[in-house]
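Reading the structure
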Amino acid sequence: MGLMRSLVFLLFFQLLHVAKVSMVWLNKNGYEDLVVAIDPRVPEDANIILNTMNMMKNASNYLFETTKHRFFFKSVKIIIPKTWKKNTSYSRAKSESYDKADVIIADPYMNHADDVYTLQYGGCKEKGRYIRFTPKFLLNDNLTKVYGEKGRVFVHEWAHFRWGVFDEYNSDVPFYLSRNSEETTVEATSCPAGVTGVPVFQDCSGDKCELRPCKHDGQLYEKGCVFIPDIPQSISCSVMHLSHIPSVVEFCDKNTHNTEAPNRQNKMCNHKSTWEVIMESDDFRNSSVVNASAPPSETTFTLLQNGDRAVILVLDVSGSMSMRDRIRHLHSAAEVFLLHIIEISSWVGIVTFNSDASEKAPLQQITNDAARQKLVRCLPRIPNGQTNICAGIRKGFQLIAGKMNTTYGSEIVLLTDGEDSGMAACLDMVKQSGAKIHTIALGPSAAKELEEFSKLTGGLKFYAVDGVVPSKLTEAFSAITSGSGDFSEQSIQLESRELVVQLSEWMNTTVPVDKTVGNDTFFRISWSLSQPFFFLRDPKGKEYGSSNFTIDNSNPNTARLSISGTAEVGDWQFCIKNIRTENQAVSVTAISRPASSDIPPVSTAAHMDRSNRAYNPVVVYAEVSQGFLPVLGAAVIATIEKDGAAAVTLELLDNGAGADMMKNDGIYSRYFTSLQGNGRYSLKVNARGTNTTTRLSLKQNRALSIPGYRENGKIYMNAPRPKFADKEIKVRLGSFSRISISSLVVNTEGDSAPIYPPCKVTDLHAHTENKTIVLSWTAPGGDLDNGKADHYIIKSSENILELRDHFDRATYVDSSNLIPKEAGREESFKITPENFAVEDDTIIYFAIRAVDDTNLISEVSNIAQATWFIPPKASVPLDYDSNDDAANSTVKVAIVALCVAVVCTILISTLCVLKKQARRLQIIQNHV
């Protein structure tokens, strides 16, 4: 009976987890529980709430229309910052929080445009992380001219976020060459093809801007040339390009999709239309058309506000905690949480459980260091008994409700190393609590159902392997910070490193402290056997010996040092000597808080998940950012561990190849191909940067900033986008180090490790060079993006869809002399007339597949376009109205140029004739 209850428990949670990837769920065609969070640093303004509501109502109507009467927004929750005034109309937030929100309203860090964007880690059909708006976008109605009506912009971003589709425009490549019938033409990058408008170039000097026709080099327009669409258009699509045009009320479908356009939708989704991708989603499969002209109900709103943070540590002290020094490591890690991680003014209590549960410390507010120390003295030291997880959770809720009168918005940190067949008994209690449960699974035998509490409540989940020092457990406790969005109060892990120091040997480790952190900085060193000789040297040379560190009798294998004031910026060096007669493990930890409440710190967020790609591989992600700006050029190393298996180290890359979907977006990625069967895997990411390598960047996948439009033959231009000085973007961050952790539970059929083919090439490019076509791409691996492929198969066609759908039938390109490089290296291959025959003036497409040494083959790459023997001149198919001065000017210039050329030819011919006649006359005279 107990086994059956456990199976039902797991099945319930697995089904629930599918629906709870985001808190948003689909209820009879209506999206419910969409969470919008306002950043705590946004000044209080009731109009932000009002305008957000209006935007969502309009978005609901537009979504219903664009999805052919299928979807709408049914209920929305808006989280009001704790920094705003209390209001009786605000309800207390439950498990909703800023860090789990679907939509974030926050000011941009640094002076750049109020662009809307959706953060997307994954590829086609993979959900996004969040949508971001700025207060100015919501408050300034003039921005409607720049981005379009707010509700329409939201639907555009919702399609990114919910269905994993991509933009059908390309601000970097606004035009491309197309072959229609027998003519090569320049087309605007759009969906559908044939959007009418005009290419123009805007010359600006100060505040004055003048329009002129775009220069043409015989192939494409000059850089900086933009496409100005007509309003109105005769087309009704597409939402992912022209949602600001009133007539656009559809997504591009199979019939209207422009497969040629060089946009991200084609690249990421194999030239499928956005509507085809949406039709493949779970939402579409679980919905039906509503027979009505408008959504069945209006969007309802709930306003939420967080109270003080209330956290109960619910800690396992059963007999198994005596193994592998677990109880001592628990004491050490929880001590760090209480002394340095939990924010001031928070409420904290401690509960332990074995066969039953006990209150060790009632819920009390942390007001000073003395209150922290008082809680540390209540941490458990002696394990015994069995494991009753529900008893611990129930006691934790009693402590919270007794002090706060409700469990809504509270948190439980639940740690266990054992199994409990009765966990299903407290399922309803957890569901009704409105609390988050953060789980820490310690060792290989922790209850398999443990993480489901986190999935149900929106809590964090971590897994710590057993070790000889407490560093793994300390990392987990250190990651449980407030989800309020207020970076100024959050602790940041600068370093967590475990070293094996040889007998009588010195070992040094450097911890960089950058200018974005430095307050409440502390260093800690732990050892497995006996205290080594050590000292810490700051960037100015001041040394802190072991006598400056604090060593408690309750935790004799650990020493810690708190730095008063703001820590010196620069490299801090730990110098350690093992004075024992045998090797021992030593761990070094450093944690700090932001140096300023106005400047966001550099941060790293680690994530590991099964992706919605071929073979459903595990992908490791690390987002490195400062505020909302990506940090580029960092060295990012991931370490994945599983009990009973050797640790695997991966270098994560932001190169737009392999697992990485977009180059230079601050998302560093890599496939993890070394799965060792089912079970828990822990992930630790260390991101490091130096003065010479790191820089900031703007988000690349920003919402379309409309340059202008043409109406009744007249062009109306918006103010040009601001240009950013290098000093704004290439900020010197200094040397920095950040630690972030996560975990993943793998449950697949069979225990054997999967076998992977090479990954899909996603960055294939083609260009012509001296009557040679040059292909370039990033080398995939033999196993996804690891190792080396055996050989490549390159095919070409004059038809994109032939390469996509019938790769084997396409024309073979001999690449037998091309030897693949290691994954991540740059590949290049030249195609000359000798090994490739094609007529002049031909647009040709290329694709590539990689094959490993067992003949496993990758998916077909993205498709690259090249023009063979660039034509001397391409006609311009874009619609130029007869009343358009720019178009007339272009024609006039062309006619004048032609006339001048004709006159010059006549004059030169006449002069040549006269000169010849003069020579003949001279010869005759000489003979005479």
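Residues numbered from 1 in each chain as written. Predicted model: local features only at pLDDT ≥ 70, side-chain atom pairs only at ≥ 80, totals over all residues. Heavy atoms only, no water.

Things to note about the sheet that holds strand β13 (residues 208-213)
Hydrogen bonds along the backbone pair up the strands of a sheet, which may run parallel or antiparallel. Which entries qualify depends on this criterion: The rule for pairing is simple: two strands pair if DSSP sees at least two bridges between them. Runs of E in the DSSP output that reach at least two residues are strands. Runs of H or I that reach at least four are helices, and both are numbered from the N terminus. Axes here mean lines fitted to C-alpha atoms, for a helix over just the part in contact, with angles spanning 0 to 180 degrees between N-to-C directions.
Spatially, three strands are ordered β13-β12-β14 in an open sheet, and the strand pairing comes out antiparallel. Strand pairing shows two members of the sheet lacking a second neighbour, β13 and β14 (226-229), which therefore form its edges. For this sheet, the mean angle separating the axes of adjacent strands, direction not counted, is 45 degrees. Of the strand pairs in this sheet, strand β12 (residues 197-205) and β13 are connected by six bridges, and their pairing is antiparallel. Following the sheet pairing, D203 is matched in β13 by E210.

A few points about helix α11 (residues 369-376)
Heads up, the condition is: Partly exposed describes any residue whose relative accessible area lies between the buried limit of under 20% and the exposed limit of over 50%, with all areas from a 1.4 Å probe on protein chains only and scaled to the type maximum. Each direction from the helix axis to a C-beta atom contributes to the arc, which is the arc of those directions. Residues are treated as being in contact if the distance between any of their heavy atoms lies within 4.5 Å. A 3.5 Å cut-off defines polar contacts: any pair of N or O atoms within that distance qualifies, except that in protein one atom must be a possible hydrogen donor and the other a possible acceptor, and neighbouring residues in sequence count only when both atoms are side-chain atoms.
Taken residue by residue, α11 has A371, R372, L375 and V376 as its buried positions. Down the axis of α11, the buried side of the element spans an arc of 145 degrees, and every buried residue falls inside it. Along its buried surface, α11 packs onto α10 (326-341), β17 (347-353), β18 (357-365) and β29 (584-594). For α11, the N-terminal cap is N368; the gap from its side-chain oxygen to the backbone nitrogen of A370 is 3.2 Å.

Section: the side chain of R560
Examined against the element boundaries, R560 turns out to sit in strand β27 (residues 558-562). Within the structure, R560 has its side chain in polar contact with the side chain of D552 (distance 3.0 Å). Non-local contacts of R560, meaning those with residues more than four positions away in its chain, are made with E335, L339, H340, Q373, F523, R524, F549, T550 and D552.

Points about the state of the cysteines
As a reminder, the rule being used: Disulfides are defined as cysteine sulfur pairs within 2.5 Å.
Going through the model one piece at a time under the given rule, you end up with five disulfides. Note on cysteine connectivity: C191 is disulfide-linked to C252, with sulfurs 2.3 Å apart. Across the S-S bond of C191 and C252 the torsion is about -125 degrees, and the bridge reads as left-handed. Taken together, the positions of C191 in the loop between β11 (183-188) and β12 and C252 in the loop between α6 (239-242) and α7 (264-268) put the pair 61 residues apart, joining distant regions of the chain. Assigned by exposure class, C191 and C252 land together as buried.

Section: the packing of helix α2 (residues 46-66) against helix α5 (residues 150-163)
Going by this rule: Convention used here: angles under 35 degrees read as roughly parallel, angles over 145 as roughly antiparallel, angles from 65 to 115 as roughly perpendicular, and any remaining angle as oblique. Note on convention: near helix rotated counterclockwise from far helix by under a right angle means a left-handed crossing. Clockwise means right-handed. For this classification, Asp, Glu, Lys and Arg are treated as charged, while Ala, Val, Leu, Ile, Met, Phe, Trp, Tyr, Cys and Pro are nonpolar and the rest, including Gly, are polar.
Relative orientation of the contacting elements α2 and α5 amounts to 65 degrees, with a least axis distance of 8 Å. Relative to α5, the element α2 is oriented roughly perpendicular. Here the hand of the crossing between α2 and α5 comes out right-handed. Here M55, M56, N58, A59, Y62, L63 and T66 of α2 come into contact with α5, specifically with K150, G151, R152, F154, V155, W158 and W163. When grouped by side-chain class, the residues that make up the contact of α2 with α5 number nine nonpolar, three polar and two charged.

Section: the pattern of salt bridges
When charged atoms on two side chains of opposite charge get close, those side chains can pair. Filter applied, for reference: Salt bridge, as used here, is a side-chain nitrogen of Lys or Arg placed within 4 Å of a carboxyl oxygen of Asp or Glu.
Tallied over the full model, the rule gives 38 salt bridges. For E498, the salt bridge is made with K472, and the minimal N-O distance between the two is 3.0 Å. Separated by 26 residues along the polypeptide, E498 in strand β22 (residues 492-501) and K472 in helix α15 (residues 471-478) bring together distant segments of the chain. Assessed through its relative accessible area of 34%, E498 is described here as partly exposed. Taken together, the salt bridges that share partners define one network made up of D33, K77 and E96.

Concerning the sheet that holds strand β45 (residues 826-831)
The strand order across the open sheet built from three strands is β41-β42-β45, with neighbouring strands paired in antiparallel fashion. Of all strands in the sheet, those with a lone pairing partner are β41 (765-768) and β45, marking the two edges. Going across the sheet, the axis of each strand differs from the next one's by a mean of 20 degrees, ignoring polarity. Pairing of strand β42 (residues 773-778) with β45, which is carried by six bridges, proceeds in the antiparallel orientation. Residue pairing across strands places S776 opposite S828, the latter belonging to β45.

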